[in-house]
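Survey of secondary and tertiary structure
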Amino acid sequence: MWSGRQARFRPLACGVEELRRRRREREAALRKARREQHLVSKRLLREDAEGPCAAELLREVEVQQFLRLAQSGTDEKEREKALVSLRRGLQHPETQQTFIRLEGSVRTLVGLLTSNRALLQLEAARCLHELSHSEQSAVAEACLPATSYLLTYLSGHSSDFIELCLYTLGNLIVESEAVRKQLLPQGIVPALAACIQSPYVAVLEALGYVLSQLLQAKEAPEKIIPSILDSTLPQHMLRLMQPGPKLNLGVAVEFAWCLHYITCSQVNNAVLITHGALATLVLLLLDLAGTVQRVDDAGLELLACPVLRCLSNLLAEVPVESEGEEMQLRDERVMAALFILLQFFLQKQPSLLPEGLWLLNNLTANSPTFCTSLLSLDLLEPLLQLLPLSNVVCILVLTVLCNVAEKGPAYCQRLWPGPLLSCVLNTLTLSDTEVVGQSLELLQLLFLYQPEAIQDFLQQSGLQALEQHQEEAQLRDRIRALQQTAIHA
Amino acid sequence: MGMCSGTSTCKTCLLRCPRLRRSPWNVCGLSRDASFPRVPEFTCQVAGCCQVFAALEDYQHHYHMLHANTCSLCSRAFPSGHLLDIHILEWHDSLFQILAQRQDMYQCLVEGCLEKFKTSQDRKDHMVRFHLYPADFRFDKPKTSRGPAMPVAADLLARALQDDGAAMEVCSEPTALPPCTRTYNHRIPSTVCFGQGATRGFKSSKKKNKHH
């Protein structure tokens, strides 16, 4: 398969792998740019050597001509050229409209798609692919007659063709509910379950794309996710996310996001857990932490984000302590890995700090073991350092500290004496009600299990800090209670 | 206008992001001739196929589509091993015909569906109604009055391979083929009769074109 203009400049001996590598590099660059939100539009600009005028508007009579030539021309080359010209024209939205309004046009195209002429078939598939790029659902729906064939071809052998069919299907899925409604009874889930066993990375990435678009459909929780959970897709997805020498980052990213869409739908997360999702995610978390220390790859957060979210969501449904030996044995490493990732986010992607802290919260909420790890690995100070970053981060950090504190005196003794108290007093000076509220909760726990801290609190002008907020309706009662406790100590 | 090999959705943004369209490559319209190194033209090595290629990728695609899953008995090409297996079972397996008289043998072509049917028409009805497949699905042509593979001469085979775009018309009349005597393949004993009756043809249902 070609990769556009870059193909022109490569040496003759260059193979498909080189093209793919260049495409990956381009995509990584595009992802980076997109993260920086330079690309606002739905479509990324095409790197087109021929410039935007390459897709010239075709008139109806020209479309008809090309179609006729492609279908019944006598010379093979002529037929191909006609289809290529049609395909180029179909890059233009208006030509797409012209095409779908022509009687019999889609039927002819599908006929060519299913013909015995391989090259015509390929070009016809490319035409369909162009149509799939349309943002008009009418154009996507015009492609409905082709879907059964696109699905059938997924069990073929030509990996490039399969990749093309997958991307076409994925694009159509995005655009039209009518397409999705047809694809499900046509057997897209079993077709994908068979296709996911392909060894080709490009096919797997494309499949990940299709799956993620299916899973993001608004009707997914009721109509799509149950059948996906019933299929072998979850097991294969987890297999493709296993860290190790065979892990492919692009593929893992796609399926990690698919897993996220499934878990946050909450249709049946228990099934995922029985397939070993937690174990895989933990291994991946550890692997990520190792990788960010070694490699300066900005693309890693694309994997880190869904992994954090999946873990957090699954843990919320399953009490950590009941996870058996596996989790217990790993607890220290999970904690360490998470903090390594938090440091990474701090430097490279601060927007992911709340995600990491949310996982930390879900880990520590019901597990004394994880709270112990946090303390024994001396992770308190790095945690406190995050307090001033933002209100959202501050609240999460305070919540985690509350999780630790409420485990009892043994834990609070590790929280004070130490830098924690002055940090909390600092947060009391902030105006955000939620931040202050969480700080008050922490103080309550600390005073309860570690009364010696109260003296320190008073000496650091804690009462004055409290007074700032005593008029606040939501905080009034708690402030009064704390004031009473402090005074009577 | 941009079409491109792009990334997927913006994934680190916490807001719901618009979905991007994707291509496996940049379909910016460069001609294949310009993009691929030329090799000396070569012919497909499969007996009877005289297609010529100048690029390996083209040959690869041709081979996969036309020869990888081809029935050696009647030269029909199928897109997958699954469909080929079903074809061989239903068209070239005499035991199948016998069993089919007693139990439901025609399996649904959709992978993952375990339904079986008494006749191929019933199967077709199921695929149309339940799986929303087109009534003229290319890979579900019933056996025609043409009978099994004729002794194939090279030019006949070439003709068969030319049966293409018009294939959407699921006609059973062998009007495209040169007139010749219909003989049975020598490998099949004369006592076994193929086909479901010489007069049975496929009622081509002219589909209404709903797509404009």
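The name an unreviewed UniProt entry gives chain A is Transmembrane and coiled-coil domains 6, with Nannospalax galili as the organism.

1. Concerning the overall build of chain A
When its secondary structure is counted, chain A shows 30 helices and zero strands. For chain A, the proportion of its 489 residues judged to be buried stands at 59%. Taking all contacts inside chain A whose residues are at least 6 apart in sequence as the whole, residues at least 24 apart take part in 72%. Roughly 19100 Å² of accessible area belongs to chain A as shown, and the carbon and sulfur atoms make up 52% of that amount.

2. Comments concerning the pattern of salt bridges
Residue and element names in this part refer to chain B. Throughout the structure, instances matching the rule amount to 13 salt bridges over all chains. A salt bridge links K124 to D140; its shortest N-O distance comes to 3.2 Å. In this pair, K124 is assigned in helix α5 (residues 120-129) and D140 in the loop between α5 and α6 (154-162), connecting sequence segments 16 residues apart. The exposure class assigned to K124 is buried, which follows from its relative accessible area of 8%. On the basis of relative accessibility, which here comes to 6%, the residue D140 falls in the buried class. Close ionic contact of R129 with D125 constitutes a salt bridge, the shortest N to O distance being 3.9 Å. With R129 and D125 both in helix α5 and four residues apart, the pair spans about one turn of that helix. Residue classification places R129 among the exposed positions, given a relative accessible area of 67%. Owing to a relative accessible area of 27%, D125 belongs among the partly exposed residues under this scheme. One continuous salt-bridge network, built from bridges that share partners, spans E90, R123, K124 and D140.

3. Looking at the packing of helix α19 (residues 301-317) of chain A against helix α21 (residues 353-365) of chain A
Residues and elements named next belong to chain A. It is at 9 Å that the axes of α19 and α21 come closest, and there the two elements cross at 25°. Judged by the angle between their axes, α19 and α21 are roughly parallel. Note on packing geometry: the crossing formed by α19 with α21 is left-handed. Here C305, L308, R309, L311, S312, N313, L315 and A316 of α19 come into contact with α21, specifically with E355, G356, W358, L359, N362 and L363. Taken together, the residues of the contact of α19 with α21 sort by class into eight nonpolar, four polar and two charged.

4. Considerations on the packing of aromatic side chains
Applying the stated criterion across every chain yields a total of 15 aromatic pairs over all chains. Relative to A:F345, the ring of A:F344 lies with its centre 5.9 Å away and its plane at 55°, an arrangement referred to as tilted. Owing to a relative accessible area of 0%, A:F345 belongs among the buried residues under this scheme. With centroids separated by 6.1 Å and ring planes inclined at 40°, the aromatic side chains of B:F42 and B:F53 adopt a geometry described as tilted. A residue pair is termed long-range when its members are at least 10 positions apart, and B:F42 in strand β1 (residues 42-43) and B:F53 in strand β2 (residues 52-53) qualify at eleven residues. Take B:F42: its relative accessible area is 21%, and that puts it in the partly exposed class. An aromatic cluster is built from A:Y149, A:Y153, A:F161, B:Y133, B:F137 and B:F139, whose rings are joined through pairwise contacts.

5. Points about the confidence of the model for chain A
Residue and element names in this part refer to chain A. On average, residues of chain A carry a pLDDT of 86, and 86% of them reach 70 or more. Taken as a whole, residues 1-14 scores under 50 in pLDDT and shows 42 contacts with residues more than four places along the chain or in a different chain. The low-confidence segment residues 36-53 (pLDDT under 50) makes 50 contacts with residues lying over four places distant or belonging to another chain.

6. Some details on helix α4 (residues 76-89) of chain A
For α4(A), built from 14 residues, the straight-helix expectation of 20 Å at 1.5 Å per residue is met to within 8% by its first-to-last C-alpha distance of 20 Å. If you check which residues of α4(A) are buried, you get A:R79, A:E80, A:A82, A:L83, A:V84, A:L86, A:R87 and A:G89.

7. Side note on the confidence of the model for chain B
All names here are of chain B. With 50% of its residues at a pLDDT of at least 70, chain B reaches an overall mean of 64. Across residues 1-20, where pLDDT falls below 50, the model places 83 contacts with residues more than four positions away in sequence or in other chains. Predicted confidence for residues 25-35 stays below pLDDT 50, and this span has 45 contacts to residues more than four positions away or in other chains.

Conventions used here
All residue numbers refer to position in the chain's written sequence, counted from 1. Lettering for chains starts from A, numbering for ligands starts from 1, and both go in the order in which the items are written. Residue-level local features of this predicted model are given only where pLDDT is at least 70; pairs of side-chain atoms are given and counted only at 80 or more, and the full residue set underlies all totals for whole chains, interfaces and linings. Side-chain measures here rest on the full set of heavy atoms in the structure, leaving out hydrogens and waters. For helices the rule is a DSSP run of H or I covering at least 4 residues; for strands it is a run of E covering at least 2, with both sets numbered from the N terminus onward. Relative accessibility decides the category of a residue: with a 1.4 Å probe and only protein chains considered, values under 20% of the type maximum give buried, values over 50% give exposed, and everything between is partly exposed. Contacts between residues were defined by any pair of non-hydrogen atoms, one from each residue, lying within 4.5 Å. Areas reported as accessible are Shrake-Rupley estimates using a 1.4 Å probe. Residue values count occlusion only from the protein chains shown. We count a salt bridge whenever a side-chain nitrogen from Lys or Arg sits within 4 Å of a carboxyl oxygen from Asp or Glu. Every angle, taken between N-to-C directions, lies between 0 and 180 degrees, and every axis is a line fitted to C-alpha atoms, over only the stretch in contact when it is a helix. Any angle from 65 to 115 degrees is called roughly perpendicular, while one under 35 is roughly parallel, one over 145 is roughly antiparallel, and all others are oblique. Working rule for handedness: look at the near helix, and if it is turned counterclockwise from the far one by less than a right angle, call the crossing left-handed; if clockwise, right-handed. We call Asp, Glu, Lys and Arg charged. Ala, Val, Leu, Ile, Met, Phe, Trp, Tyr, Cys and Pro are nonpolar, and the rest, Gly among them, are polar. Each pair of aromatic rings taken from Phe, Tyr and Trp, with Trp reduced to its six-membered ring, is defined by centres within 6.5 Å and is described as stacked if the planes are under 30 degrees apart, edge-to-face if over 60, and tilted in the remaining cases. The predictor rates its confidence in each residue with pLDDT, a number between 0 and 100. By this rule, a helix spans an expected 1.5 Å times one less than how many residues it contains.

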